[in-house]
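Descriptive analysis of the structure
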Amino acid sequence: MYFDSRMNDKIPIFPLPLVLLPGEKLPLHIFEEKYKKMIEYCLKNNQKFGIINSKNSDSLVIGCTASIEQLVGGENDSREYDILVSGVERFIVKSYNTSKPYKQAYVKTWNDIDDTIDQTLLQEANIFLYEVLLKLGASSKIPQINMPKSSFEIASMLDIDKRAKKILLKSQSENDRLIVLKRILKKAIIKIDYEDPARSGYPSYAQFEA
C-alpha cells in the first residue's frame, strides 16, 4: 500500500450507501441537521468533504473527496441544500474524530503503486466504450467526446454498480482498472445485444456490472 503525505488532514465525512469515484458527478439533497452544518462549514471554508460507503465492512475504509460544484437552496428556514459534487481524490481513513456533530476523519491519499498506462489497453477500453454508446443510441454525441485518457475518465461516463465501483476505487493500478472496465463494457455489449433496448429502457441503461 502507498500513502501520499500530501493529504494527512482532518476532513468532514459523509457516509452514504454508495461509492463516489474521482471525476464522477453526484447530486445530493442535504436535509439532516448535522450534514447541513457540514455543508455550511465546507462552503464557508472552501473545504472538500469525504464520501465513504456506509455499508462498508472492509478493514480498510477507502473513500473519495467531494468538491461542491453547484449549490441550490439553503436560503429558506429549512436550510436544506441541493448540491452537485464532483469526486476529486481517493483517500484512506486513518482514524475518526467526533468533536463535531458530523463525523470527521484523519485521512491520507490513496495513490496507485503502478501508475503506468498501457496505451493499447486504454485504446481497447475506449473502443468498447464507443461501441456501447453507439448501441445505446448516443452516436450523435461521439464526435463531441474526446478519447478518455484514464480509467476514471471512462468510469465517469458510465452508471457503474456499487460492487464494480468498489473494485475501481480500491485498485492501485491504472492498468488493472482498465482491465475491469473492459470486462464491464464487454458484458454490457452482450447484454444490450441480447435484450431489446426499447423494451428494457437501455437509453438510460440500468447499471453496468463487473
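Quick summary incoming for the structure in this document. (Residues numbered from 1 in each chain as written. Predicted model: local features only at pLDDT ≥ 70, side-chain atom pairs only at ≥ 80, totals over all residues. Heavy atoms only, no water.)

**Section: the overall build of the protein**
Helix and strand counts for the protein come out as 6 helices and 7 strands. Along the protein, from the amino end to the carboxyl end, the secondary structure elements read β-β-β-α-β-β-β-β-α-α-α-α-α. Residues counted as buried form 44% of the 210 residues belonging to the protein. Counting contacts in the protein only where the partners sit at least 6 residues apart, residues at least 24 apart contribute 69% of the total. (Helix = DSSP H or I, 4+ residues; strand = E, 2+ residues; numbered from the N terminus. Buried < 20%, exposed > 50% of the residue type's maximum accessible area, 1.4 Å probe, protein only. Contact = heavy atoms within 4.5 Å.)

**Description of the pattern of salt bridges**
As enumerated under the stated definition, the model contains 6 salt bridges in all. One salt bridge in this structure joins Glu 33 and Lys 36, with 3.3 Å as the shortest N-O distance. One end of the pair, Glu 33, and the other, Lys 36, are both in helix α1 (residues 33-45), 3 residues apart, so they sit about a helical turn from each other. Notably, a salt bridge pairs Arg 90 with Asp 112, separated by 2.8 Å at the nearest N-O pair. (Salt bridge = Lys/Arg side-chain N within 4 Å of Asp/Glu carboxyl O.)

**Section: the environment of Phe 152**
Among the secondary structure elements, Phe 152 is positioned in helix α3 (residues 151-155). C-alpha separation for the pair Phe 152 and Gly 23, spaced 129 residues apart in sequence, amounts to 6.5 Å. Excluding its chain neighbours within four sequence positions, the residues that come into contact with Phe 152 are Leu 21, Pro 22, Arg 90, Leu 168 and Arg 177.

**A word on the nonpolar core**
Note that soluble globular proteins tend to have their nonpolar side chains buried in a common cluster. Within the largest apolar cluster, 47 residues are counted, with the highest numbers of intra-cluster contacts made by Phe 14, Leu 28, Phe 49, Ile 51 and Ile 154. No other element matches helix α5 (residues 174-194), which puts 8 residues into this core. The residues touching Phe 14, leaving out its near neighbours within four places in the chain, are Leu 28, Ile 30, Tyr 35, Met 38, Phe 49, Gly 50, Ile 51 and Ile 52. Among the nonpolar cores identified, the runner-up in size contains 8 residues, and Ile 11, Ile 52, Ala 105 and Val 107 belong to it. (Core = buried A, V, L, I, M, F, W, Y, C linked by side-chain atoms within 4.5 Å.)

**What about the packing of aromatic side chains?**
Per the counting criterion, the structure on display carries 2 aromatic pairs. Judged by centre distance (6.2 Å) and plane angle (55°), the rings of Phe 14 and Phe 49 are tilted. With Phe 14 in strand β2 (residues 10-16) and Phe 49 in strand β4 (residues 49-53), this residue pair connects regions lying 35 residues apart in the sequence. Given a relative accessible area of 7%, Phe 14 falls into the buried group. Exposure remark for Phe 49: the relative accessible area of 0% places this residue in the buried category. Within the aromatic cluster, the residues linked to one another by ring pairs are Phe 14, Tyr 35 and Phe 49. Positioned over the ring face of Tyr 41 is Lys 100, at 5.7 Å from the centre of the ring. Sitting above the plane of the Tyr 96 ring, Lys 103 keeps its charged end 4.8 Å from the centroid. (Phe/Tyr/Trp six-rings, centres within 6.5 Å; stacked < 30°, edge-to-face > 60°. Lys NZ or Arg CZ within 6 Å of the ring centre and 35° of its normal.)

**Here's the deal with the pairing of strand β5 (residues 62-73)**
Two strands pair when backbone bridges link them, and β4 and β5 are joined in this way by 3 bridges, in the antiparallel orientation. Within the sheet, the bridge partner assigned to Ile 51 lies in β5 and is Cys 64. Taken together, the 10 bridges between β5 and strand β6 (residues 81-97) define a ladder with antiparallel strand orientation. Within β6, the residue paired with Ala 66 across the bridge is Gly 87. (Pairing = 2+ DSSP bridges.)

**Points about helix α4 (residues 162-170)**
Each turn of an α-helix holds 3.6 residues, which means side chains three or four residues apart point in the same direction. When α4 is considered as a whole, its buried residues turn out to be Ala 164, Lys 165, Leu 168 and Leu 169. Along the axis of α4, the buried positions cluster into a sector of 135°, meaning they face one direction only. Here the buried face of α4 lies against β5, β6, β7 (104-110), α3 and α5. (Arc of directions from axis to C-beta.)

Spatial relationships are all this shows, so hold off on functional conclusions.
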